[in-house]
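# Notes for the structure review
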Amino acid sequence: MSAAMETVQAAPLISMKGIDKSFPGVHALKSVNFEVRSGEVHALMGENGAGKSTLMKVLSGIYAADAGTIEHDGRPVEIASPRQAQEMGIGIIHQELSLMRDLNAAQNIFIGREPRTAGGLLIDEKKLNAEAAALFEQIHLKLDPRTPVSQLTIAKQQMIEIAKALSHKSRVLIMDEPTAALNDAEINELFRIIRKLKAEGVGIIYISHKMDELKRIADRVTVMRDGEYVGTVPAADTPVEKIISMMVGREISDEPPAIPDLADAETVLEVRNLNRGREVQDVSFSVKKGEILGFAGLMGAGRTEVARVIFGADPLASGEIFVHGRKITIKQPQDAVRAGIGYLSEDRKHFGLATGMDVATNVVMASLERFAGAGGVLKDPEIRAIARRYIDQLSIKTPSERQEARLLSGGNQQKVVVAKWLLRDCDVLIFDEPTRGIDVGAKSEIYRLLSQLAAQGRAIIVISSELPEILRLSHRIAVMCEGRLTGFLPGGAPQEEIMRLATQRNENRAPAGELSEDAKMGEKA
Amino acid sequence: MSAISSKPGPGNLLRTQGAQKLLAFAGLIALVAGFSLASPNFMQTPNIIAILQAASVNGVLAVAATLIIITGGIDLSVGTGMTFCAVIAGVVLTYLGMPMPVGIAAAILAGTCSGLLSGTFVAKLKVPPFIATLGMMLILKGLSLVISGTRPIYFNDTPGFTDIATGSIVGMIVPAVPLPNGVVILFAVAGIASYILGRTILGRYAFALGSNEEALRLSGVNADRWKIAIYALGGSIVGVAGILIGSRLNSAQPALGLGYELDAIAAVVIGGTSLRGGQGTILGTVIGALIMAVLANGLRILSVAQEWQTVVTGSIIILAVYADMLRRQRAAAAG
């Protein structure tokens, strides 16, 4: 504990005060305070969308804050660009690693600062490789600096990012969910390096969702919620329950749904032992007629991936899918659609909607053959009539069925996609983040629509990263963590219980297979 | 694949495309062998010289296109740009009567300026490379016609100008090998470009731009400036091609040029450079240009109609890229 005492006395390397940042339509940061001291690991926690990444982007010069001050070694500073942050000794390792795949490890580390010869014209490749090798030595990474990044595992790529940050003589290192893609052995390796950096006086900001990691590596924890600073507590002495309640401690404004009695209802969709790489591991569940099954979990838990394999958007490694008790093979989305499964992507603009086309065309998009006469000539009046019917039925707010879809609000766009699948007679509807980018008023309307669809006898799966939304909608809740289903809960279950399952890492992970795969990578290197 | 990846050498950037280069090279050898067997006329020294001569202009243009494509861009203006540079040389040498080196410098400068302009449109104005260089293609075509008054400009007043491409310094030294200067210039340009890509800052950033431009920017590099520099370098090489074509035809033909950009891009693609950017080699491109020249020449010797030659070339392009896709998939599956 004497180490903890020392960190308490050390002056903050970085102190952010009253940081405010708005984007069009979103108040992302509301007067947030945060500091990191030399030689401490300061965890930054919060639900998805709490503002952690935004805060770190302000600190690393990617975003400019609207208000607030940043002090570096006690002096107020402006951080206007990533380069300036680098020069101040602030390094960031992004969640999506930002390496250049076609370049090798050493070239990536020294990009923009290559040692040169011949009067600055040529790159001194020898020196470049030697310096990279020295950095690797420093973090005990056994790797040929000339290995192309495209041949490295995610874990190794992360080590390259760390080496890059070290080469900038970083005194503050921001790590955004560094363990998201690592197995246990790789996490141990990462923690060893973090402890080493800590001992050398580097201040580390550690963004993570995982409670067990926090207990292992963090000195202090700061919690954010909805863009606001909630509080800072010592990691060792604070119970996990306390941290979770700080994270979720918001009131639920809507009533949970009346849960229908589905004991005798028919099972519409059942999946058994779905597997696809790391993201989907041994997932089995079923949905009944009239049921809304909510999928809760943190970002990267594998919920969208499950939806995509069921819909045939990604190939399945193994597993079985049954619709109405009949086993079906889904190789591509059209197989799923034929079986009556509709998928409403979280990214409507990219996958759900032809934004440049009109509402009527979008409504019939999945059932176009039905509206084609001889020689494939489309029956325009019929198409427009059916579109008008759905506009009416789902109260889609649009001047006419000929309006371009992009001109509709987010909520109404979502309804157009719903209409598309209803017209196609889908019994199973998978909603992936159904209210993303939709304002609060339209949200409750979408909720009503979903409940209505279930009441009409459709089986509904809702994937959402917002716990209140899951609680507001679900008759039953499936929770995922790191590609596995960690449990089912009844609708209206306490948020703490969901968070516990969502952060429950499987202790038996990193089986021998994965380790040997990593060893193979090592050999290659 | 594993043999290549297990021992990354210092020239790694050159080696990542090793397999495709090998494939292209094997294809070239196969073509040469096939045509030699099919016709005794193919392997004659004059015919080989003709093939190399034919490959030189397209090869130089393809080298310029490779640089741009590695950054993740494309340059459609290399064909008409070449003509524009030739016209500028014609104006300086024939109309203004300046000495030959001045004309050469003017042509290369003209190419560099047009590259600078394209690069600025792409990097600063954020016009997509396809559109920016499509515009430049038309602009340069129009300017060539305007400046020349739509008439060819002959280089008759500049003695020695035709020797730039068609003379043979090598042949003067070693009479048995009458290698035209145009071919030597192609190899020189390719060598320099390869060196720039492999060893200099500019080359490194070209690959970085094509690989992950955002990452380069986040590393604190002025990505726009380097992108413009690459387009300018490509433009100066287009200027060299302008001299070559002018020298071969002993004239600047202002109506020429359209279509050359597609041949250049075809050579780049056959040579294994990825249109997605981030990968590519000059050696591959030169092999690609040679394959196209061998194909055209061999089919002509076998009396295949011109029209069918085009069909074959098109098929070869698709085949080459398909082979590359297969290789990539296998590499991805292997780990």
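Residues numbered from 1 in each chain as written. Chains lettered and ligands numbered in written order. Predicted model: local features only at pLDDT ≥ 70, side-chain atom pairs only at ≥ 80, totals over all residues. Heavy atoms only, no water.

## Notes on the overall build of chain B
Secondary structure summary: chain B contains 15 helices and two strands in total. What you see for chain B is a C-alpha radius of gyration of 20 Å, in line with the 20 Å of a compact globule of 335 residues. Principal axes of the C-alpha set define a box for chain B whose edges measure 60 × 55 × 40 Å. Scored against the burial criterion, the 335 residues of chain B give a buried share of 53%. In chain B, once contacts between residues fewer than 6 apart in sequence are set aside, the share between residues at least 24 apart is 76%. (Helix = DSSP H or I, 4+ residues; strand = E, 2+ residues; numbered from the N terminus. Rg over C-alpha atoms; globule rule 2.2 N^0.38 Å. Buried < 20%, exposed > 50% of the residue type's maximum accessible area, 1.4 Å probe, protein only. Contact = heavy atoms within 4.5 Å.)

## Focus: the packing of aromatic side chains
How two aromatic rings sit relative to each other is given by the distance of their centres and the angle of their planes. In total, this model carries seven aromatic pairs over all chains according to the counting rule given. Centroid distance Phe155(B) to Phe161(B): 4.0 Å. Interplanar angle 25 degrees. Geometry classified as stacked. The burial state of Phe155(B) is the same as that of Phe161(B); both residues are buried. The structure contains a cluster of three or more aromatic residues connected by ring pairs, namely Phe311(A), Tyr343(A) and Trp421(A). Across the ring face of Tyr390(A), the terminal group of Arg389(A) is positioned such that the distance to the ring centre comes to 5.4 Å. (Phe/Tyr/Trp six-rings, centres within 6.5 Å; stacked < 30°, edge-to-face > 60°. Lys NZ or Arg CZ within 6 Å of the ring centre and 35° of its normal.)

## Quick look at the packing of helix α5 (residues 78–95) of chain B against helix α13 (residues 260–270) of chain B
Residues and elements named next belong to chain B. Running from N to C, α5 and α13 point in directions that differ by 125 degrees, and their axes come no closer than 6 Å. Classed by the angle they form, the pair α5 and α13 counts as oblique. For the pair α5 and α13, the contacting residues are Val78, Gly79, Thr80 and Met82 in the first and Tyr260, Glu261 and Ala264 in the second. A class-by-class count of the residues in the contact of α5 with α13 yields four nonpolar, two polar and one charged. (Axes fitted to C-alpha atoms, helices over the stretch in contact; angles between N-to-C directions. Parallel < 35°, antiparallel > 145°, perpendicular 65-115°, else oblique. Nonpolar A, V, L, I, M, F, W, Y, C, P; charged D, E, K, R; others polar.)

## Considerations on the sheet that holds strand β15 (residues 292–296) of chain A
Within a sheet, neighbouring strands are paired by backbone hydrogen bonds and run either parallel or antiparallel to one another. Residues and elements named next belong to chain A. The mixed open sheet is built from six strands, whose spatial order is β18-β19-β20-β15-β21-β22. In the strand order of this sheet, the two ends are held by β18 (341–344) and β22 (484–490), each with one partner. When strand polarity is set aside, the average angle formed by the axes of neighbouring strands in this sheet is 20 degrees. Where β15 meets strand β20 (residues 459–463), four bridges bridge the pair, whose relative direction is parallel. Bridging across to β20, Phe295 finds its partner in Ile463. Sitting on the sheet, helix α10 (residues 303–311) touches β15, β18, β19 (428–432), β20 and β21 (476–481), and the angle it makes with β18 is about 145 degrees. Here helix α18 (residues 495–502) sits on the sheet in contact with β15, β21 and β22, set at roughly 35 degrees to β21. (Pairing = 2+ DSSP bridges.)

## Description of the sheet that holds strand β14 (residues 280–288) of chain A
Residue and element names in this part refer to chain A. Read across the sheet, four strands follow the order β14-β13-β16-β17 without closing on themselves; strand pairing throughout is antiparallel. Two strands bound the open sheet, and with one partner strand each, they are β14 and β17 (326–328). The sheet shows a mean angle of 20 degrees between the axes of neighbouring strands, direction not considered. Across five bridges, strand β13 (residues 267–276) lies against strand β16 (residues 318–323) in antiparallel orientation. What sits directly across from Asn275, in β16, is Ser318.

## A short note on the interface of chain B and chain A
Of the residues lining the interface, 30 residues belong to chain B; the matching set on chain A comes to 31 residues. Buried surface at the junction of chain B and chain A, summed over both partners, amounts to about 2500 Å²; 53% is from carbon and sulfur atoms. Ranking the residues of chain B by area buried against chain A places Ile201(B), Arg204(B) and Leu218(B) at the top, with a combined share of 24%. Counting across the interface, chain B meets chain A through one salt bridge. The closest approach of N and O atoms between Arg204(B) and Glu125(A), which form a salt bridge, is 3.1 Å. (Buried area = accessible area lost by both parts, 1.4 Å probe. Salt bridge = Lys/Arg side-chain N within 4 Å of Asp/Glu carboxyl O.)

## A closer look at the pairing of β18(A)
On any regular strand, side chains alternate: one points to one face of the sheet, the next to the other face. All names here are of chain A. In β18, alternate side chains face the same way, and those of Ile341 and Tyr343 on one face and Gly342 and Leu344 on the other are all buried. The pairing of β18 with β19 spans four bridges and is classified as parallel. Paired with Leu344 across the two strands is Phe431, which belongs to β19.

## Digging into the nonpolar core
Ranked by size, the top nonpolar core spans 99 residues in total, and within it Val60(B) and Leu216(B) carry the most contacts. Take this core: its biggest share by element is 14 residues, from helix α4 (residues 45–70) of chain B. Contacts of Val60(B), omitting those with residues within four sequence positions, involve Leu186(B), Val189(B), Ile237(B), Val240(B), Ala241(B) and Leu244(B). Within the second largest apolar cluster, 70 residues are counted, among which are Val287(A), Val323(A), Ile386(A) and Tyr447(A). (Core = buried A, V, L, I, M, F, W, Y, C linked by side-chain atoms within 4.5 Å.)

## Re helix α14 (residues 380–393) of chain A
All names here are of chain A. Given a rise of 1.5 Å per residue, 14 residues ought to cover 20 Å, and the 20 Å separating the end C-alpha atoms of α14 matches this to within 8%. Those residues of α14 that are buried lie in contact with α13 (359–364) and α15 (410–423). The first or second residue beyond α14 is Ser395, which carries a positive phi of 40 degrees. (Expected span 1.5 Å × (residues − 1).)

## Section: the pairing of β21(A)
All names here are of chain A. With five of its six residues buried, β21 lies for the most part within the structure. The sheet contact formed by β15 and β21 spans four bridges and is parallel. Residue pairing in the sheet places Ala296 in a bridge with Val479 of β21. Linkage of β21 to β22, two consecutive antiparallel strands, is achieved through a turn of two residues, within which Glu482 is found at a positive phi near 55 degrees.

## Some remarks on helix α14 (residues 282–301) of chain B
Residues and elements named next belong to chain B. Taking 1.5 Å of rise per residue, the 20 residues of α14 would be expected to cover 28 Å, and the 28 Å separating its terminal C-alpha atoms lies within 8% of that figure. Along α14, 16 of the 20 residues are buried, which leaves the element largely enclosed by surrounding structure. For α14, the N-terminal cap is Thr281; the gap from its side-chain oxygen to the backbone nitrogen of Gly284 is 3.1 Å. Residue Ser303 follows α14 closely and has a positive phi angle near 60 degrees. (Polar contact = N/O pair within 3.5 Å; in protein donor to acceptor, adjacent residues only side chain to side chain.)

## Some points on the confidence of the model for chain B
Per-residue confidence for chain B gives a mean pLDDT of 88, with 92% of residues at or over 70. Per-element confidence in chain B ranges from a low mean pLDDT of 34 for helix α1 (residues 2–6) of chain B to a high of 97 for helix α6 (residues 100–123) of chain B. (pLDDT = per-residue confidence, 0-100.)

## A short note on the pattern of salt bridges
All names here are of chain B. Going through the model one piece at a time under the given rule, you end up with 27 salt bridges over all chains. One salt bridge in this structure joins Arg217 and Asp224, with 3.2 Å as the shortest N-O distance. Using a relative accessible area of 11% as the deciding quantity, one classes Asp224 as buried. Ionic contacts of the salt-bridge type, sharing partners, join the residues Lys124, Lys126, Glu213, Arg217, Asp224 and Lys227 into one network.

## A look at a nonpolar patch on the surface
On the surface, Ile169(B), Met172(B), Ile173(B), Val174(B) and Val177(B) cluster together into a nonpolar patch covering about 520 Å² of accessible area. Positionally, Val177(B) belongs in the loop between α9 (169–173) and α10 (181–199). (Patch = residues over 30% accessible without salt bridge, like charges linked within 9 Å, V, L, I, M, F, W, Y side chains within 5 Å. Areas by Shrake-Rupley, 256 points an atom, 1.4 Å probe, with all protein chains shown as cover.)

## What about the side chain of Glu114(A)?
Along the polypeptide, Glu114(A) turns up in the loop between α4 (105–109) and β7 (116–117). Of the buried charged residues, Glu114(A) lacks a salt bridge, with Arg116(A) as the closest side chain of opposite charge at 4.7 Å. A polar side-chain atom of Glu114(A) sits 2.9 Å from a polar atom in the side chain of Tyr205(B). Apart from residues no more than four positions distant in its own chain, Glu114(A) is found in contact with Ile123(A), Leu128(A), Ile201(B), Arg204(B) and Tyr205(B). (Lys, Arg positive; Asp, Glu negative; His and termini not counted.)

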